[in-house]
Amino acid sequence: DTAVSQTPKYLVTQMGNDKSIKCEQNLGHDTMYWYKQDSKKFLKIMFSYNNKELIINETVPNRFSPKSPDKAHLNLHINSLELGDSAVYFCASSPGTAGNTIYFGEGSWLTVV
Amino acid sequence: QQQVKQSPQSLIVQKGGISIINCAYENTAFDYFPWYQQFPGKGPALLIAIRPDVSEKKEGRFTISFNKSAKQFSLHIMDSQPGDSATYFCAAYPLDDYKLSFGAGTTVTVRA
């Protein structure tokens, strides 16, 4: 069973389009995250939700909007895609308290052309 | 601004050799220091972690050395194997924070 699953794995789209990436975790964790990994492999946190409440919102363009319908799901919607949005987006989750192991999904490869 | 500085960017080691990756931090509030391993096409996965109350932690061929006064920590991979070829990330965060800060990553290549 996949612990943190995200779809789609690959996404190629044109500039200006709107797209969503879905994430689900079956670990029973209270906290979920979105991370962005750029072409140089640098990992940067974008958002975090704890029990459906937004707790981390890094300096991310407001074209990016996370939505957590329940604590097992955290989706990422991106409006008006730009070339610079091309990256790998990782969903992750961790137990409720801070300082715990973060479990990552396998990533969604977004290419904007 | 990167809160955890990692070096080298890449390294090549022969099978059976030792790989050493170093990290340094400034934030004295950091209280948990995990290392993640990432294979191509996969997400990062926890490899080993340490808290600052110990100076060393060993799990199999992987050892973390931690120097609290110098604010430095390192990963040693002993008897490196081709299957260890991956990108390794050090990371850190405060105990009361969910914001994990990653180093820039080190790509390790183990030659057979």
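Computed from a predicted structure; not experimentally measured. (Residues numbered from 1 in each chain as written. Chains lettered and ligands numbered in written order. Predicted model: local features only at pLDDT ≥ 70, side-chain atom pairs only at ≥ 80, totals over all residues. Heavy atoms only, no water.)

Caption draft 1: Highlighting the overall build of chain B. Summing up its helical and strand segments, chain B has 0 helices and 11 strands in all. Scanning chain B from its N terminus toward the C terminus, one meets helices and strands in the order β-β-β-β-β-β-β-β-β-β-β. Radius of gyration (C-alpha) of chain B: 13 Å, near the 13 Å computed for a compact globule of 112 residues. Overall size of chain B, expressed as C-alpha extent along the three principal axes, is 40 × 30 × 20 Å. When contacts within chain B are restricted to residue pairs at least 6 apart in sequence, long-range pairs at least 24 apart make up 54% of them. For chain B, the exposed area adds up to about 5,400 Å²; of that, 49% sits on carbon and sulfur atoms. (Helix = DSSP H or I, 4+ residues; strand = E, 2+ residues; numbered from the N terminus. Rg over C-alpha atoms; globule rule 2.2 N^0.38 Å. Contact = heavy atoms within 4.5 Å. Areas by Shrake-Rupley, 256 points an atom, 1.4 Å probe, with all protein chains shown as cover.)

Caption draft 2: Fine view of the pairing of strand β1 (residues 4-7) of chain A. All names here are of chain A. Burial along β1 is one-sided: the residues Val 4 and Gln 6 are buried and none of Ser 5 and Thr 7 is. Inspection of the sheet shows β1 paired to strand β3 (residues 19-25) by 4 bridges, in the antiparallel sense. Opposite Ser 5, over in β3, you have Glu 24 as the bridge partner. (Buried < 20%, exposed > 50% of the residue type's maximum accessible area, 1.4 Å probe, protein only. Pairing = 2+ DSSP bridges.)

Caption draft 3: Region of interest: the nonpolar core. Residues B:Phe33, B:Trp35, B:Phe73, B:Leu75 and B:Tyr88 are the most contacted members of the largest nonpolar core, which totals 24 residues. Ranked by the residues each element gives to this core, the list is headed by strand β9 (residues 86-94) of chain B, at 4 residues. Leaving out residues up to four positions away in the same chain, B:Tyr88 has contacts with B:Gln6, B:Ile21, B:Tyr36, B:Gln37, B:Leu47, B:Phe62, B:Leu75, B:Ile77, B:Gly105, B:Thr106 and B:Val108. Counting 20 residues, the second-largest nonpolar core is a separate cluster that includes A:Val4, A:Tyr49, A:Val60 and A:Tyr89. (Core = buried A, V, L, I, M, F, W, Y, C linked by side-chain atoms within 4.5 Å.)

Caption draft 4: Spotlight on the state of the cysteines. Applying the stated rule across the entire model yields 2 disulfides over all chains. Each sulfur of the disulfide joining A:Cys23 and A:Cys91 lies 1.8 Å from the other. Taking the torsion about the sulfur-sulfur bond, which here is approximately -80°, the covalent link between A:Cys23 and A:Cys91 counts as left-handed. Of this pair, A:Cys23 sits in strand β3 while A:Cys91 sits in strand β9 (residues 87-94), placing them 68 residues apart in sequence. Exposure class is identical for A:Cys23 and A:Cys91. Each is buried. A sulfur-sulfur distance of 1.9 Å marks the disulfide that ties B:Cys23 to B:Cys90. Across the disulfide from B:Cys23 to B:Cys90, rotation about the S-S bond amounts to roughly -95°, and the bridge is consequently left-handed. Taken together, the positions of B:Cys23 in strand β3 (residues 19-25) and B:Cys90 in strand β9 put the pair 67 residues apart, joining distant regions of the chain. Here B:Cys23 falls in the buried class, since its relative accessible area comes to 3%. (Disulfide = S-S within 2.5 Å.)

Caption draft 5: Looking closely at unusual backbone geometry. The peptide bond linking A:Thr7 to A:Pro8 adopts the cis configuration, its omega dihedral lying at 0°. With omega at -5°, the peptide bond leading from B:Ser7 into B:Pro8 counts as cis. Even without being a glycine, A:Lys52 presents a positive backbone phi close to 70°. Mapped onto the fold, A:Lys52 is located in the loop between β5 (43-50) and β6 (53-57). Even without glycine at this site, B:Asp79 takes up a positive phi of about 45°. Accessibility expressed as a relative area gives 40% for B:Asp79, which makes it partly exposed.

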